[in-house]
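# Remarks on the overall topology
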Amino acid sequence: MPSPAKRRKVGALAYYWRTRGYVVLPRFMGWRDRKRVRAACDRAERAWRARLPPQRRDGPLSNMADLTHPRWYDDGRVPAEILRFVAEPSVLDLIEAITGGTPLFHNTQYFMEQRGADWDGGWHRDSQFLALDAETERRHIAEGTGVHFRVALEDDPWLRIVPGSHRRWDTAREWAIRRDREPGDPVGAVSVPLEAGDAMLFNAWSIHQGLYRREPARRTFDVIYMTRGTAERALTPKACMPSAVRMASLPRAARAFYERFARTYRRAWSSA
Ligand SMILES: O=C(O)CCC(=O)C(=O)O
């Protein structure tokens, strides 16, 4: 039974989640865990960068994805730090308590500093990438909810968001900025600076933007879950599902979490 103080805290976070579409969890991860998670993610990042065409290696680049895919690890073993973090019961419980939905794995991303020129990412809702028009995008939003859960492994002041935009459709100006690429910022946009160790949860359908800079070093590990519906139309590769050998090394709750991912997408993977 959670204590009354803990219930009040989760209640406050759930309120901010509903009204703003994001919450920050200060000092979520201590330096030892950050070091371990960072070392695992950096292995993937090095392998990913080495496979990019030479002219692309120095950017502009925003992030890499699929960190649970064995291809990034020379021994083919996805690090336990990554597999366990994605399926960490305390994280999953917290997401469920705040958002009211049971998190289904979708994918992972790793954000890093730039090696070449600084640049500003476009304002967007994640829902727009597979929707050519407003009607399709609104239908996709109605069918499911995507949630980012990220931990800043170094200070990360680079995410900007329009609070409350997950609850409503665009103003004409927002549409022009995010879909017609008009310059400028949406009214009410704020930066959400994270210090190393802070975690953040944000609704993927919110209007948001990343800024990509050479300094300071940026290392943010981001897991995307669906808390409602599935992400079949943005199908994550089947290889992002832990192998039988890696599954055997995981605690029971983590195995059950990944098995649900595999059950959800089994048909889509076999017909892909
Ligand atoms: O943190 C960032 O740089 C932007 C994140 C973002 O746009 C996304 O993951 O959809």
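Here is a short report on the structure shown in this document. Just so we're clear, the structure is a prediction, and the values are computed from it rather than from any experiment. (Residues numbered from 1 in each chain as written. Predicted model: local features only at pLDDT ≥ 70, side-chain atom pairs only at ≥ 80, totals over all residues.)

### What to know about helix α4 (residues 89–99)
- Residues of α4 that are buried include every one of V91, L94, I95, I98 and T99, and no others. An end-on view of α4 places all buried positions within 105 degrees of arc, on one side of the element.
- Looking at the buried side of α4, the elements it contacts are α1 (4–20), β1 (22–25), β5 (145–152), β8 (199–203) and β10 (219–228).
- Among the residues trailing α4, G100 stands out with phi positive, at a value near 85 degrees. (Buried ≥ 20, exposed ≤ 12 C-beta atoms within 10 Å, placed from the backbone. Helix = DSSP H or I, 4+ residues; strand = E, 2+ residues; numbered from the N terminus. Arc of directions from axis to C-beta. Contact = placed C-beta atoms within 7 Å.)

### Structural notes on the pairing of β10
- Counting buried residues in β10 gives 9 out of 10 residues, a clear majority hidden from the surface.
- Relative to β10, strand β3 (residues 104–112) runs antiparallel, the two being bridged by 8 bridges. Looking at the pairing, F105 lines up with Y225 of β10.
- Note: β5 against β10, 8 bridges, orientation antiparallel. (Pairing = 2+ DSSP bridges.)

### So, the nonpolar core
- One finds C41, I82, I95, F149, L201 and Y225 to be the most contacted residues of the largest nonpolar core, which totals 59 residues.
- Other than its neighbours up to four places away in sequence, Y225 contacts I95, P103, L104, F105, H106, V147 and F149. (Core = buried A, V, L, I, M, F, W, Y, C linked by C-beta atoms within 7 Å.)

### Examining the packing of α1 against α4
- Two elements in contact, α1 and α4, have axes whose closest approach is 8 Å; the angle formed by their N-to-C orientations is 65 degrees. Listed contacts from α4 to V10, L13, A14 and W17 of α1 are A97, I98 and T99.
- For the contact of α1 with α4, the per-class residue count stands at 6 nonpolar, 1 polar and no charged. (Axes fitted to C-alpha atoms, helices over the stretch in contact; angles between N-to-C directions. Nonpolar A, V, L, I, M, F, W, Y, C, P; charged D, E, K, R; others polar.)

### Here's the deal with the environment of D156
- Within the element layout of this structure, D156 appears in the loop between β5 and β6 (159–161).
- Remark: the alpha-carbon pair of D156 and A196, spanning 40 residues in sequence, is separated by 7.1 Å.
- In contact with D156, other than residues within four places in its own chain, are L194, R218 and T220.

### Describing the site of the ligand
- With respect to spatial proximity, the complete set of residues near the ligand consists of S62, Q109, F111, G121, D126, H148, W158, L159, H208 and G210.
- Among the elements of the structure, β3 and β9 (208–212) are those that each provide at least two residues to the shell around the ligand.
- Classifying every residue of the shell around the ligand gives 3 nonpolar, 6 polar and 1 charged. (Near = placed C-beta within 6 Å.)

### So, the sheet that holds β8
- Judged by pairing direction, the sheet is antiparallel, and its 6 strands sit side by side in the order β1-β8-β5-β10-β3-β2 without closing on themselves. Of all the strands in the sheet, the pair left with one neighbour each is β1 and β2 (63–65). Averaged over all neighbouring strand pairs, the angle between strand axes comes to 20 degrees, with direction disregarded.

### Notes on helix α5 (residues 134–143)
- Turning to α5, its buried residues are E137, H140 and I141. The arc enclosing the buried residues of α5, seen along the axis, measures out at 100 degrees, which places them on a common side. Facing away from the buried side of α5 by over 90 degrees, the exposed positions are E135, R139, A142 and E143.

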